[in-house]
Amino acid sequence: MKTIINNYIETHKERFLNELFDLLRIPSVSADQKYTADVQKTAEAIKEKLIAAGAEKVEVCKTAGHPIVYGEKMIDVKLPTVLVYGHYDVQPADPIELWSSGPFEPVIKDGKIYARGACDDKGQMYMHVKAFELMMQTNTLPCNVKFMIEGEEEVGSTNLAIFVKENKAKLKADVIVISDTGIIANDIPSITVGLRGLSYVEVEVTGPNRDLHSGLYGGAVANPINILCEMIAKLKDDKNHITIPGFYDDVEIISAEERAEMAKAPFNLDTYKKTLDLSDIHGEDSYSTNERTSIRPTLDVNGIWGGYTGEGAKTVIASKAYAKISMRLVPHQNSDKITELFKNYFKSIAPKSVKVKVTPHHGGEPVVTPSTSIAYKAASMAMETTFGKKPVPVRSGGSIPIVAMFKSELGLDSVLMGFGLDSDAIHSPNESYGVFNYLKGIETIPYFYKNFAELKR
Ligand code: BES
Ligand code: MN
Ligand code: MN
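Residues numbered from 1 in each chain as written. Chains lettered and ligands numbered in written order. Predicted model: local features only at pLDDT ≥ 70, side-chain atom pairs only at ≥ 80, totals over all residues. Heavy atoms only, no water.

Peer 1: Sorry, what's going on with the coordination of the manganese ion (ligand 2) here?
Peer 2: Ideal geometry at a metal gives 109.5 degrees between four tetrahedral donors and either 90 or 180 degrees between six octahedral ones. Around the manganese ion (ligand 2), the protein contributes the donor atoms His87 (NE2), Asp120 (OD), Asp180 (OD) and Asp180 (OD), at 2.0 to 2.4 Å from the metal centre. Geometry at the manganese ion (ligand 2) is irregular, judged from its six donor atoms and the angles of 57 to 165° they form at the metal. The sequence motif formed by the donor residues of the manganese ion (ligand 2) is H-x32-D-x59-D. Its relative accessible area of 7% is what places aspartate 120 among the buried residues. (Donors = N, O, S within 2.8 Å, 3.2 Å for Na, K, Ca; no water. Tetrahedral: all angles 85-135°; square planar, octahedral: opposite > 155°, others 65-115°. Buried < 20%, exposed > 50% of the residue type's maximum accessible area, 1.4 Å probe, protein only.)

Here it is in C-alpha cells:
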C-alpha cells in the first residue's frame with residue numbers, strides 16, 4: 001500500500017500541482033456578483049476533473065445561487081459509502097495591495113503555494129479528487145464515493161442547505177469527510193472535533209436626517225458614529241464577558257477534567273504572540289487562549305463605517321453609521337435565538353436621539369463530532385500512518401455551517417480531516433498552502449478509505 005501510494009504521488013505530483021493551479025487561476029469569489037461567470041467556470045472545471053479521475057453521474061447542479069458539483073463512483077452497494085464535501089468558492093482577495101503576488105496567479109515560494117483559495121478550500125478539496133484518482137488508477141478504491149462540492153460556503157451555504165433537504169436519497173452515505181480545517185503543526189497532526197456556530201448581523205444607526213456641518217450642529221445632536229461606538233462598547237464588560245442578557249444561558253459547561261484534557265494540546269503562547277506581533281493577548285477572563293477560540297462564544301465587530309474617510313479633513317456629522325458584527329457560538333447555543341437576543345438588547349441600549357436597525361445575515365449552528373466513531377478512528381489511524389504520530393482531537397474556532405445540517409438532515413457525522421495551518425492566512429492577503437500539506441493530504445486520504453472499509457466490515 002505504502003509504495004503504491006508514494007510511487008503514484010511521486011510520479012504525478014507536478015501534474016497534481018499544475019491542475020490545482022488551473023483552479024486557483026479562476027477567481028471564484030462567491031460574495032461578489034462580478035465573478036458569477038468565474039464561479040460557474042470553476043464548477044465546470046471541477047466537473048471535468050472529476051470525470052477525468054473516474055467519477056460517474058457527474059453534474060453541475062443548478063441552484064438559486066452558485067452551482068453544486070456532484071459526482072460519484074459506486075463500486076458495490078454492499079460496501080460503505082464516503083461522501084466528500086468541499087467548497088470551490090473563495091473569499092474576496094482584497095485588500096489586494098497587500099498581496100506580494102497576484103491572488104489569482106498562483107506561485108510556489110519557499111515550499112508554499114500562494115493564491116486565494118490555495119488552502120481554503122480549493123487546495124484541500126482537490127486533494128480528495130487526486131486521492132480518488134490515485135485509488136482508481138491503482139485499483140485500490142475500497143468504498144463507494146460521492147462528491148458534493150459547493151460554491152457558496154463563504155456566503156453561508158443557503159442553497160446547499162436546500163439541496164441537501166431535497167436530495168437525501170442521492171446523498172445516502174455512511175460518513176462525510178471534509179478537508180476544510182487545519183492541523184496544529186506539520187509535526188503535530190490533529191483532527192477537528194468541533195466547530196463554532198455563527199450569528200451575523202449588520203447594524204445601522206441613524207441620527208439627523210442628513211449630514212450636518214459639525215461646527216454648526218456639533219454638541220447639540222447625536223452623532224451616530226459616536227453613539228454606535230458607545231453601544232458597541234456596552235456589548236462587553238471589563239472582564240470581556242458579553243453583556244447581552246441570556247447570551248450564555250445555553251452555553252455548554254465543560255468539566256474541569258475535560259478542560260485539563262484539552263489543555264494538553266501543544267500550544268506556545270510566546271510564539272502565538274510573536275507571529276501576530278502582539279505584546280499581549282486579550283480575551284474573556286479566566287479562560288486560556290485555546291479555550292477562548294474553541295469552547296467559548298465571542299462577539300466581534302468585523303467592519304465599521306460612516307462619515308468622511310477620504311483624504312484630508314471634512315467637518316461633518318454623518319447621518320448614519322454602520323457596523324457588521326459576528327458572534328461565534330458554541331454548543332448548545334442557537335443561532336436564531338442569539339440573533340434575536342442581540343437585536344432586542346442592541347435596540348434597548350440605543351438612546352432616543354437615534355434610530356437603530358438590525359439586519360440578520362446568514363448564521364449557522366455549532367457542532368461537535370464524535371472522537372469515538374469508526375470514521376474518526378479511520379482518520380486517526382490514517383494520519384498516524386502518514387505523519388508517524390497520533391493526531392490530537394481539537395475543537396476549532398471556525399465555522400462550517402453545513403456540518404450541523406449534515407447531522408440534523410442526513411443523520412451523518414462528519415470527519416474533519418483538514419491539513420491547513422494557522423500560518424496559511426486563509427481569508428487574508430497572501431493566503432498559502434504548503435506543498436507538503438497538499439501532498440500529505442493526497443497520501444493520507446487513501447488510508448482513511450482503507451481503514452474505514454476495514455473497520456466497517
Ligand atoms: N474553512 C473555513 C472554516 C474553518 C477554517 C474552520 C479553519 C476551521 C479551521 C470556512 O471556509 C470558513 O471560512 N467559514 C466561515 C463561515 C462562513 C459562514 C462564512 C467562517 O468561519 O468565518
Ligand atoms: Mn473553507
Ligand atoms: Mn473560508
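Past the structure itself, the notes keep going.
Peer 1: Any chance you could explain the domain arrangement of the protein chain here in plain terms?
Peer 2: Taken domain by domain, the protein chain consists of domain 1 (2-195 + 366-455) and domain 2 (197-251 + 297-364). Measuring from the centre of the C-alpha atoms in domain 1 to the corresponding centre in domain 2 gives 36 Å. Contact residues are listed per partner, giving 10 residues for domain 1 and 10 residues for domain 2. Together domain 1 and domain 2 conceal approximately 670 Å² of surface at their shared face, both sides included; 61% is due to carbon and sulfur atoms. Sorting the residues of domain 1 by area buried against domain 2 places Pro366, Ser399 and Pro401 first, and these three jointly supply 62% of that buried surface. One can count zero salt bridges joining domain 1 with domain 2. Linking domain 1 with domain 2 are one residue pair in polar contact (both at pLDDT 80 or more). (Domains from an automatic or database assignment. Contact = heavy atoms within 4.5 Å. Buried area = accessible area lost by both parts, 1.4 Å probe. Salt bridge = Lys/Arg side-chain N within 4 Å of Asp/Glu carboxyl O. Polar contact = N/O pair within 3.5 Å; in protein donor to acceptor, adjacent residues only side chain to side chain.)

Peer 1: Would you mind showing me how to read the site of ligand 1 here?
Peer 2: Around ligand 1, the surrounding shell holds 17 residues, and the nearest of these are Glu153, Asp180, Arg328, Ser399 and His427. One of the side-chain nitrogen or oxygen atoms of glutamate 154 is found 3.1 Å away from an oxygen atom of ligand 1. Partitioned by chemical class, the residues of the shell around ligand 1 number five nonpolar, seven polar and five charged. When residues of the shell around ligand 1 are sorted by domain, at least three fall in each of domain 1 (2-195 + 366-455) and domain 2 (197-251 + 297-364). (Near = heavy atom within 4 Å. Nonpolar A, V, L, I, M, F, W, Y, C, P; charged D, E, K, R; others polar.)

Peer 1: What is the right way to read the pattern of salt bridges from this model?
Peer 2: Pairing is possible between side chains that carry opposite charge, provided their charged atoms lie close to one another. This structure, assessed with the given rule, holds 25 salt bridges. In this structure, lysine 13 engages glutamate 10 in a salt bridge whose closest nitrogen and oxygen atoms are separated by 3.1 Å. Taken together, the positions of lysine 13 and glutamate 10, both in helix α1 (residues 2-24) and three residues apart, correspond to about one turn of that helix. Of the charged contacts, one joins lysine 170 and glutamate 59 as a salt bridge, the two residues approaching to 2.6 Å between their closest N and O atoms. Note that lysine 170 is positioned in the loop between α4 (158-166) and β7 (175-178) and glutamate 59 in strand β1 (residues 56-61), a separation of 111 residues in sequence. With relative accessibility at 26%, the residue lysine 170 sits in the partly exposed group. Judged by relative accessible area, which is 31%, glutamate 59 ranks as partly exposed. Taken together, the shared-partner salt bridges in this structure form one network comprising Arg15, Glu19, Lys130 and Glu133. (Helix = DSSP H or I, 4+ residues; strand = E, 2+ residues; numbered from the N terminus.)

Peer 1: Teacher, can you tell me more about the coordination of the manganese ion (ligand 3) here?
Peer 2: The protein atoms that coordinate the manganese ion (ligand 3) are Asp120 (OD), Glu154 (OE), Glu154 (OE) and His427 (NE2), at distances spanning 2.1 to 2.5 Å. The site at the manganese ion (ligand 3) holds six donor atoms, and with the angles between them running 56 to 155°, its shape is irregular. All donors of the manganese ion (ligand 3) belong to a single chain; written as a sequence motif, their spacing is D-x33-E-x272-H. Between the two metal centres, the manganese ion (ligand 3) and the manganese ion (ligand 2), the spacing is 3.6 Å, with aspartate 120 acting as a shared donor.

Peer 1: How do you make sense of the packing of α1 against helix α3 (residues 122-137) when you look at a structure like this?
Peer 2: Geometrically, a packed helix pair is captured by the angle between its two axes and the distance between the axes. Remark: α1 packs on α3, axes separated minimally by 10 Å, with the N-to-C direction vectors making an angle of 140°. Our classification of the angle between α1 and α3 gives oblique. Handedness of the crossing formed by α1 with α3: right-handed. In contact with Ile5, Tyr8, Ile9, Arg15, Phe16, Glu19, Leu20, Leu23 and Leu24 of α1, α3 contributes Lys122, Gly123, Met125, Tyr126, Lys130, Glu133, Leu134 and Gln137. Across the contact of α1 with α3, the residue classes break down as 10 nonpolar, two polar and five charged. (Axes fitted to C-alpha atoms, helices over the stretch in contact; angles between N-to-C directions. Parallel < 35°, antiparallel > 145°, perpendicular 65-115°, else oblique. Left-handed = near helix turned anticlockwise from the far one by under 90°.)

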